[in-house]
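Survey of secondary and tertiary structure
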Amino acid sequence: MSAPPTAPADPSTRSGRPKRSVPPARHPTHAVDRAFLDLERRRPEVRWDAGGVAYLSGPPPSLADLRAYVAFRLGELPLLTSRVTGGRRPGWQPSEDFPVDRHVYEVVADGPADWDTALHSALNAPFAPGAYWGVWLIHGHEPDAYALCYRFLHACQDGSAAAMTFRAMLGDGEPSARPLPGGSGVIGVPRRFGAAAALATRFLARTFPVRGHRPDPALAPTGERRLWRGRVPVDTLRLIGAGRGGSAHDAHLAALAGALSVWAARTGVPLPRVTAVLPVDARRADEEQTWGNRCFALPVDLPVGPTPGRPDGSPDEEAPLRRLDQIMAVTRKLRGDTWRQAVQDLVRYMPDRPTAWYLRRMLSPRVTNVMATSMPLAEKGSLGETRVTGTALLPLLVPGHLCGVGLSFFGDWAEVSFVADRALPLGELLPELWEQAVRELEQSAQR
């Protein structure tokens, strides 16, 4: 990896990188930031961090070179060198003396057999006191391969802001593929208010029918997280979704439902219901992706359960497509401009207390039991002369949830990651079962 130049050019003038507005000296926190800070105070024993892993092909850099590289790139990511100041209205305040060495670390595997141990050491390592994020360089398992694990406290960033971090650190600066509502204004305010109120009523009501429900735990948690990965060509998911008038994400959720159904049958873990909490980006077109949270949590029931056969005993080959249709019946409205604008308005105007209450309810295992997030990352990425060959999202893993599931779109691949407690039975089978469910969807669609 080449060292950064002594007098780097302004990142806003670098070819291929979007211009970045200069943030104020003190940037206010958002209601969702404050909700996650409240969760950290209420439950300090819980890991409220998420992140991602980039897998690279080539000789790894030294720890000193990586720290120099990260320090160079931090000019494009002002939030990462800031801290939260107190008071009634906390804000992000730039740090006068930011120690990069307390945020960038190294984990060396003792040969190929030690790779999983090194990876999971980075996955479970604590942050330095006062730090909101960390980067771990993982290598030693192969001479020409390594990985970078980036983790952050959710009060610091959401998935869209973290994807911006990926593009600044490893990508080529291409803009995010996230959908954006139109410009805000006074036109249509009464209609927008009605849509936002209807959306809030609909999803707030979802927190009450299961208030008395105490799910039986599927495992006795150890507190140690594990990561398992799978991948399929991104065009496969897109064609499956488009064939029914949906999206690649719809096909992913249908495959996830099928995978969990088979997993429950093999492990004997009962799944009377699976409700996934979906984080939805609600940034306006003029908002910085580098600052804090602008996300909303939506619950979506996944159609799990044994696939019924036909009267003659043969398997029902249309069952995967019926799962897809059930998913799309819910997500079709959420993709529309009216509901997307309503989500944006809720995130922008909802007061602190309702926001914090709603987030606590949506993350409660009485309401949801799987975190399912997805993010378009980049078309390609590199670090010096080494190339990014794969990615894995690290979703938030809430105590009481079965797992966190992340779908990252990178290059030609849709890569699924499952993050779960080490005690989850047969968790390592979930990526394979998901890939199998995608193949079944593809075959059903072709028929």
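Look up: the structure comes first, before these words.
A quick note: this is a predicted structure, and the numbers were derived from the prediction, not measured. Along each chain, numbering runs from 1 in the same order as the chain's sequence is written. It should be noted that, the model being predicted, local features are given only for residues of pLDDT at least 70 and side-chain atom pairs only at 80 or more, the latter also being counted only at that level, while totals for whole chains, interfaces and linings use all residues. Note: side-chain values were computed over all heavy atoms of the structure, leaving out hydrogens and water.

Moving on to the overall build of the protein chain. Under the DSSP-based scheme used, a helix requires at least four consecutive residues in state H or I and a strand at least two consecutive residues in state E, with every element numbered from the N terminus. A tally of regular secondary structure across the protein chain gives 11 helices and 15 strands. Whether two residues are in contact is decided by their heavy atoms: any pair within 4.5 Å suffices. Here the analysis covers contacts within the protein chain between residues at least 6 apart in sequence; of these, 78% occur between residues at least 24 apart. Element-wise, carbon and sulfur atoms account for 55% of the exposed surface of the protein chain, whose accessible area totals about 20000 Å². Only the protein chains shown count as covering a residue, and every accessible area follows the Shrake-Rupley method with a 1.4 Å probe.

Structurally, V32 is set in helix α1 (residues 31–42). Along the sequence, V32 and N293 sit 261 residues apart, while their C-alpha atoms lie 5.8 Å from each other. Setting aside anything within four residues of it in sequence, one finds V32 in contact with N293, C295, V347 and T355.

Right, let's get into the sheet that holds strand β4 (residues 91–94). The antiparallel open sheet is built from three strands, whose spatial order is β1-β4-β3. Each edge of the sheet is formed by a strand with only one pairing partner; in this case those strands are β1 (27–28) and β3 (82–85). One ladder, built from two bridges, connects β1 with β4; its direction is antiparallel. Each residue of the ladder has a partner; that of P28, found in β4, is G91. Only strands joined by at least two bridges in the DSSP assignment are considered to pair.

Let's shift gears to α1. Every α-helical turn comprises 3.6 residues, leaving residues that sit three or four positions apart pointing alike. Given a rise of 1.5 Å per residue, 12 residues ought to cover 16 Å, and the 16 Å separating the end C-alpha atoms of α1 matches this to within 8%. To sort residues, take the accessible area from a 1.4 Å probe on protein chains only and compare it with the maximum for the residue type: under 20% means buried, over 50% means exposed, and anything in between is partly exposed. For α1, the buried fraction is high: nine of the 12 residues fall into the buried class. Within α1, burial applies to A31, V32, D33, R34, A35, F36, L37, D38 and L39. Elements that come into contact with the buried residues of α1 comprise β3, β4, β10 (295–301), α9 (337–349) and α10 (352–362). One less than the residue count of a helix, multiplied by 1.5 Å, gives the span that helix is expected to have.

What follows deals with the nonpolar core. To form a nonpolar core, buried Ala, Val, Leu, Ile, Met, Phe, Trp, Tyr and Cys residues must be joined to one another through side-chain atoms within 4.5 Å. If you look at the biggest cluster of nonpolar residues, it comprises 61 residues, and the most contacted ones within it are V53, W133 and L227. Beyond its immediate stretch of four places on either side in the chain, V53 contacts L119, A147, L148, C149, L227, G390, T391, A392 and L394.

The axes are straight lines fitted to the C-alpha atoms, using for helices just the contacting stretch, and the angles between their N-to-C directions are given from 0 to 180°. Following both chains from N to C, one finds α1 and α10 inclined at 60°, their axes separated by 9 Å at the closest point. As summarised for this structure, α1 and α10 are arranged oblique, according to the angle between their axes. Where α1 crosses over α10, the handedness of that crossing is right-handed. Contact residues: A31, V32, R34, A35, F36, D38, L39 and R42 in α1; D352, T355, A356, L359 and R360 in α10. When its residues are assigned to classes, the contact of α1 with α10 shows seven nonpolar, one polar and five charged. Comment on the angle field: the value is read as roughly parallel under 35 degrees, roughly antiparallel over 145, roughly perpendicular from 65 to 115, and oblique elsewhere. Left-handed describes a crossing whose near helix is turned anticlockwise from the far helix through less than a right angle; right-handed describes the clockwise counterpart. Following the grouping adopted for this structure description, the nonpolar residues are Ala, Val, Leu, Ile, Met, Phe, Trp, Tyr, Cys and Pro, the charged ones are Asp, Glu, Lys and Arg, and the polar ones are all others, Gly among them.

In space, the six strands of this open sheet follow the order β5-β6-β7-β2-β13-β12, with mixed pairing throughout. For this open sheet the edge positions go to β5 (104–108) and β12 (382–383), each flanked by a neighbour on one side alone. Two elements, strand β2 (residues 49–57) and strand β7 (residues 145–153), share nine bridges in a ladder whose sense is antiparallel. Bridged to Y55 within β7 is A147. The sheet strands contacting helix α2 (residues 63–73) are β5, β6 (133–142), β7 and β12, and the helix crosses β5 at an angle near 150°. Helix α3 (residues 115–124) contacts β2, β5, β6, β7 and β13 (386–394) of the sheet and is inclined by roughly 175° relative to β6.

This paragraph deals with the side chain of T368. Residue placement: T368 occurs in the loop between α10 and β11 (370–378). The buried category is assigned to T368, whose relative accessible area is 0%. Within the local environment of T368, its side chain forms a polar contact with the backbone oxygen of M362, the two atoms lying 2.5 Å apart. In contact with T368, not counting residues within four places along its chain, are R273, T275, A276, V277, P299, M362, L363 and H401. In protein, a polar contact means a hydrogen-donor-capable atom and an acceptor-capable atom, both N or O and within 3.5 Å, with residues adjacent in sequence counting only if both atoms are side-chain atoms; elsewhere, any N or O pair within 3.5 Å suffices.

What follows covers the environment of D97. You can see D97 is positioned in the loop between β4 and β5. As a C-alpha pair, D97 and T81 span 16 residues in sequence and 8.9 Å in three-dimensional space.

Moving on: the packing of aromatic side chains. For this analysis, a ring pair means two rings from Phe, Tyr or Trp (six-membered ring only for Trp) whose centres lie within 6.5 Å, classed as stacked if their planes differ by under 30 degrees, edge-to-face if by over 60, and tilted for the remaining angles. Tallied over the entire structure, the rule returns nine aromatic pairs. Each ring, one from W133 and one from Y150, has its centre 6.3 Å from the other, and the planes form 55°; the classification is tilted. With W133 in strand β6 and Y150 in strand β7, this residue pair connects regions lying 17 residues apart in the sequence. Seen from their ring centres, Y150 and F152 are 5.6 Å apart, and the 35° between their planes marks the pair as tilted. We classify F152 as buried; its relative accessible area is 3%. The rings of F98, W133, Y150 and F152 are connected pair by pair, giving a single aromatic cluster. We call a charge positioned over a ring when the NZ of a Lys or the CZ of an Arg lies within 6 Å of the ring centre and within 35 degrees of the ring normal. We note R229 situated over the ring of Y55; from NZ or CZ to the ring centre the distance is 3.8 Å. The ring of W413 carries R231 above its face, with NZ or CZ at 4.3 Å from the centroid.

Honestly, that's just the spatial picture; any functional story needs more than this.
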